[in-house]
Structures are given as structure tokens and as C-alpha cells.
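Residue-level listing of the chains:
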Protein chains: 2
Amino acid sequence: MIGPEIDRLIQLLAKLPGLGPRSARRVALHLIKRRDTLMEPLSEALAAAAAGIRTCHVCGNLDTSDPCHICTDRARENGTLCVVEEVGDLWALERTGAFRGQYHVLGGTLSALEGIGPDDLAIPGLLERASRPGVREVILALNATVGGQTTAHFLSDRLASCDVEITRLAHGVPVGGELDYLDDGTLTAALRARRAL
Amino acid sequence: MIGPEIDRLIQLLAKLPGLGPRSARRVALHLIKRRDTLMEPLSEALAAAAAGIRTCHVCGNLDTSDPCHICTDRARENGTLCVVEEVGDLWALERTGAFRGQYHVLGGTLSALEGIGPDDLAIPGLLERASRPGVREVILALNATVGGQTTAHFLSDRLASCDVEITRLAHGVPVGGELDYLDDGTLTAALRARRAL
């Protein structure tokens, strides 16, 4: 007989990705034992994020301001647009610190199976932004999956009328990766795109 | 460049057991996308639990009332005390519905390595409860680990002066388990404790 407060907490925790009923119970006990240092701060952080975070209407990023900090950062160059599927991909690229241009979050990939067409993604905004004067390059940083590559081809067709260079991320051996564990497709791509040492 | 609100949320989520930085980011995005159905309810459930949950001074269970619902449930019999290491073990036994007596949560096991002695566990309360008139049996439902078994032996010595039967959980083949995958100790125990069909 678990009390209703704990039970509700476990039910909600079990809805998080990667957690099931068993790990949700473990997390709940962990939180209850760390009420002041973790449980209350997490409750407040969730409330603050729920109240403050919105989607940037320009690029689709999540931030507490709209337009987001990246769109309004005058130190970033506006000539390059990097198209990503999801905000998580934008975060991943930002962590590298290797890109100082602007982003555009599509919100997914085209999928006939799931009924996701061009109108369900942020494609009109992308075409409009890519047509602006000063934009020279659109990087299609989509996942190397069937959905991502289908969408990249579709976008490259639609962007043909804009006066921009269209690029994609390089395929190759991951840094630290071992050849023996790579799939044939990646190895073939890495071989074809070989560079002079 | 992730905003400070999202960053703080990810930092806190990464402290939960089983989550690392990468899965914390995934959970944060999942929550932000489900603001009304998951993020705000979870924030409220955490706040309610943090405000309401206390440790039962009788048995050590976690509940919103002290004494807890189990201790005050008049439909449960008071003649049997089930000793467990942690509240999670109590929850596990309650889920079975197979036990209708009272619990006693030790709060851990004896450990010379970690410096946990008898005074760090809820042993005085157990001895006091076991000496009460009407208590006939103490089930030592401790984990079948070195720490759990050491503690069980220690408790069985200390409880010898009380007029109670001392029992432990049965060892054997887990229901649904295959012999080939069982360790020798379990198999030996299951063989020795064989029952007539």
C-alpha cells in the first residue's frame, strides 16, 4: 500500500523516456531521500522551465526569449543557415562550438508512413529565410537515416531556386572509431571521401 | 548555447539514478514538449511529495501520515513483524499482496567497510517492538547478499531473548527461472529445501 502522493510521482516518472516502473520507483526513493538537495530544486526547475520556455518563431529553438538568444546574437554570422531535425540536434552542434551561424529546426522529417508531409515541418520559414539577401549557404545537418536523407533531398530540390550553396555533413569514420566495427556503408563513404594527409 | 533554465533542469535530471548527461538532455526535451501533460504535473507531484512525505517513526516507512497507513491499518495483523533493509523492499513485498502483517525498515545493513554499526540502523526499535506481547514471529526479509545475511545473523542473536519465532525468506529457483542459468548456491539451496509434489 503505497501512499497516493508517492504513487502519482512514480506514475509520472515512469512516463519519462528510458524509465520503466521499476526504475521510476528507484528514482522516486532517491528523490525522497534527497528532499532538500534534489527533490525541491527539481520541482522548482521544472516549474521555471514550464513557465519560461517557448519556441523561437524564427528558428524553432527552445529558449526563454523569442526570438532566441542564438537568433539575436549579433556576434553570430547570418550568412549560413544550419538545418536540423530537432532541438536536440541543435544542442549537439552547439556543444561542439564549431558552428557560429544560424539554425533552423525543421521539427522532424518527412514520413509517408507517419503521414508527415512538407506542411507539417518548418519548411516555408526555411525557404523564406534562405531567400533573404546575405544568406550564402544552407547546411542540411539532418540525420544519416532514411527519413533524414529523404528530407535532405526534398529540401535540396526546394532550395534550388534560392541563390545559396547547399551542403551536407561529411560521412566518414567517427573520431576514435575502429574500422572493424563500422558498417560497410560508412566505410565505403569514408574511402570515397579520402583526403590527402 | 543552451538557456540557463534548461541547463539547470538538465543538471538536476542528470543526478537521478540511471540518468547521465545524454539521457538527461533527452528527458528534458521530452518534458519541454509535454509541458501541460507531464512537465507541470511532475513539478507539482514533486512539490506535493516533498511537502507531505515523512518517515513513519514506528516502522520507518515513507508516507504522508505518521504513523503510516500500514501501522494504523486495523485490518492488518500485529503478530508478525517483517524486517526489511529499505523502503523499496517494503514496496516490493506490498506489491505481492502476500503479507498482511507489520513491517520494520532497518535503513540499511551492517557494514564494517562503510562504518555502519548496529547504532546506525533501526535495531533498538525492532527489539522493542519484537518484545511486545502478541508478537509471535519476526521475518528477516533481508537481501540474500553478504551484508543482508550478516545483518540477519546479528539480528537473530539479538532477538533470541524475545519470545518470538525468527524466520527468513526461502531460497530456491525463481518462478519462471531456468536451472541452467542459476548459480550453484541457489541450486544447492533449492535441492536441499525440496518439497513433496
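Residues numbered from 1 in each chain as written. Chains lettered and ligands numbered in written order. Predicted model: local features only at pLDDT ≥ 70, side-chain atom pairs only at ≥ 80, totals over all residues. Heavy atoms only, no water.

Chemist: I'd like a description of the overall build of chain A, backed by residues and values.
Modeler: The helix and strand tally for chain A stands at eight helices and six strands. For chain A, the succession of helices and strands along the chain, N to C, is α-α-α-β-β-α-β-α-β-α-β-α-β-α. The C-alpha atoms of chain A give a radius of gyration of 21 Å, which is well past the 16 Å a tight globule of 197 residues would have. By principal-axis analysis of the C-alpha atoms, chain A measures approximately 65 × 45 × 40 Å. For chain A, restricting intrachain contacts to residue pairs at least 6 apart in sequence, the fraction spanning at least 24 positions comes to 47%. Here chain A displays about 11000 Å² of accessible surface, and carbon together with sulfur accounts for 52% of that area. Treating the 21 positive side-chain charges of chain A as one cloud and the 25 negative ones as another, the clouds have centres 5 Å apart. (Helix = DSSP H or I, 4+ residues; strand = E, 2+ residues; numbered from the N terminus. Rg over C-alpha atoms; globule rule 2.2 N^0.38 Å. Contact = heavy atoms within 4.5 Å. Areas by Shrake-Rupley, 256 points an atom, 1.4 Å probe, with all protein chains shown as cover. Lys, Arg positive; Asp, Glu negative; His and termini not counted. Charge placed at Lys NZ, Arg CZ, Asp CG, Glu CD.)

Chemist: Describe the sheet that holds strand β6 (residues 165-168) of chain A, with residues and values.
Modeler: All names here are of chain A. Read across the sheet, four strands follow the order β4-β3-β5-β6 without closing on themselves; strand pairing throughout is parallel. Unpaired on one side and paired on the other, β4 (102-105) and β6 mark the two borders of the sheet. The mean angle between the axes of side-by-side strands here comes to 25 degrees, regardless of whether they run parallel or antiparallel. Bridge analysis of strand β5 (residues 137-140) against β6 gives four bridges, and the strand direction is parallel. Paired with Val138 across the two strands is Ile166, which belongs to β6. Along the sheet face, helix α6 (residues 123-130) touches β3 (80-84), β4 and β5 and points at about 155 degrees away from the line of β4. (Pairing = 2+ DSSP bridges. Axes fitted to C-alpha atoms, helices over the stretch in contact; angles between N-to-C directions.)

Chemist: Give a description of the relation of the copies chain B and chain A that names residues and reports values.
Modeler: Of the transformation superimposing chain B on chain A, the axial component is 0.0 Å and the angular component is 180 degrees, with the fit at an RMSD of 0.1 Å. Each copy turns onto its partner about a two-fold axis. When each C-alpha of chain B is compared by its distance to the rotation axis, Ser43 of chain B comes out closest, at 2.2 Å. Mapped onto chain A, 100% of the interface residues of chain B are again interface residues, and the two copies thus contact each other with one and the same surface. (Least-squares fit on C-alpha atoms with pLDDT ≥ 70 in both.)

Chemist: Describe the sheet that holds strand β4 (residues 102-105) of chain B, with residues and values.
Modeler: All names here are of chain B. Pairing in this open sheet of four strands is parallel, and the strands run β4-β3-β5-β6 from one edge to the other. Where the open sheet ends on each side, the last strands, each with one partner, are β4 and β6 (165-168). Strand-to-strand twist in this sheet, taken as the mean axis angle between neighbours without regard to direction, amounts to 25 degrees. Of the strands in this sheet, β3 (80-84) and β4 touch helix α5 (residues 87-96), which is tilted by about 155 degrees from β4. Taken strand by strand, helix α6 (residues 123-130) contacts β3, β4 and β5 (137-140), and its axis lies near 155 degrees from that of β4.

Chemist: An account of helix α1 (residues 4-13) of chain A is requested, with residue identities and associated values reported.
Modeler: When we look at burial in α1 of chain A, the residues that qualify are Ile6, Leu9, Ile10, Leu12 and Leu13 of chain A. Angular distribution of buried residues about the axis of α1 of chain A spans 165 degrees; they occupy a single face of the element. Elements that come into contact with the buried residues of α1 of chain A comprise α2 (21-33) and α3 (35-52) of chain A together with α3 (35-52), β2 (62-63) and α5 of chain B. (Buried < 20%, exposed > 50% of the residue type's maximum accessible area, 1.4 Å probe, protein only. Arc of directions from axis to C-beta.)

Chemist: Run through the pattern of salt bridges, naming residues and quoting values.
Modeler: Residue and element names in this part refer to chain A. A complete count under the given rule lists nine salt bridges over all chains for this structure. Its salt-bridge partner being Arg76, residue Glu94 comes within 2.9 Å of it at the nearest N-O pair. With Glu94 in helix α5 (residues 87-96) and Arg76 in the loop between α4 (69-72) and β3, the pair connects residues that are 18 residues apart, well separated along the chain. Residue Glu94 shares its accessibility class with Arg76, and that shared class is buried. (Salt bridge = Lys/Arg side-chain N within 4 Å of Asp/Glu carboxyl O.)

Chemist: Lay out a nonpolar patch on the surface in plain terms, naming residues and giving numbers.
Modeler: Residue and element names in this part refer to chain A. Nonpolar side chains collect at one region of the surface, where Val173, Leu179 and Leu187 lie side by side and expose about 230 Å² of accessible area between them. As for its position among the elements, Leu187 is in helix α8 (residues 184-192). Take Leu187: its relative accessible area is 31%, and that puts it in the partly exposed class. (Patch = residues over 30% accessible without salt bridge, like charges linked within 9 Å, V, L, I, M, F, W, Y side chains within 5 Å.)

Chemist: Explain the packing of aromatic side chains to me, and be specific about the residues and the numbers.
Modeler: Applying the stated rule across the entire model yields two aromatic pairs over all chains. Centre to centre, the rings of Phe99 of chain A and Tyr103 of chain A are 5.2 Å apart; their planes meet at 65 degrees, and the pair counts as edge-to-face. (Phe/Tyr/Trp six-rings, centres within 6.5 Å; stacked < 30°, edge-to-face > 60°.)

Chemist: Let's hear about the interface of chain B and chain A: which residues, and what values?
Modeler: The interface is formed by 47 residues belonging to chain B together with 48 residues belonging to chain A. When chain B packs against chain A, the two sides together hide about 4800 Å² of surface, and 73% of this comes from carbon and sulfur. Where chain B meets chain A, there are two salt bridges. A salt bridge links Lys33 of chain A to Glu86 of chain B; its shortest N-O distance comes to 3.4 Å. Every element with two or more residues in the side of chain B that touches chain A is listed here: α1 (4-13), α2 (21-33), α3, β2, α4 (69-72) and α5 of chain B. Take the side of chain B that touches chain A: its biggest share by element is twelve residues, from α3 of chain B. (Buried area = accessible area lost by both parts, 1.4 Å probe.)

Chemist: With reference to specific residues and values, describe the packing of α3 of chain A against α1 of chain B.
Modeler: If you want to describe how two helices pack, look at the angle between their axes and the distance between the axes. Put simply, α3 of chain A and α1 of chain B touch, their axes get as near as 9 Å, and they point 150 degrees apart. Classified by the angle their axes make, α3 of chain A and α1 of chain B are roughly antiparallel. The handedness of the crossing between α3 of chain A and α1 of chain B comes out as left-handed. Contacts between α3 of chain A and α1 of chain B involve Leu38, Pro41, Leu42, Ala45, Leu46 and Ala49 of chain A from the first element and Arg8, Leu9, Leu12 and Leu13 of chain B from the second. Here the contact of α3 of chain A with α1 of chain B is built from residues that sort into nine nonpolar, no polar and one charged. (Parallel < 35°, antiparallel > 145°, perpendicular 65-115°, else oblique. Left-handed = near helix turned anticlockwise from the far one by under 90°. Nonpolar A, V, L, I, M, F, W, Y, C, P; charged D, E, K, R; others polar.)

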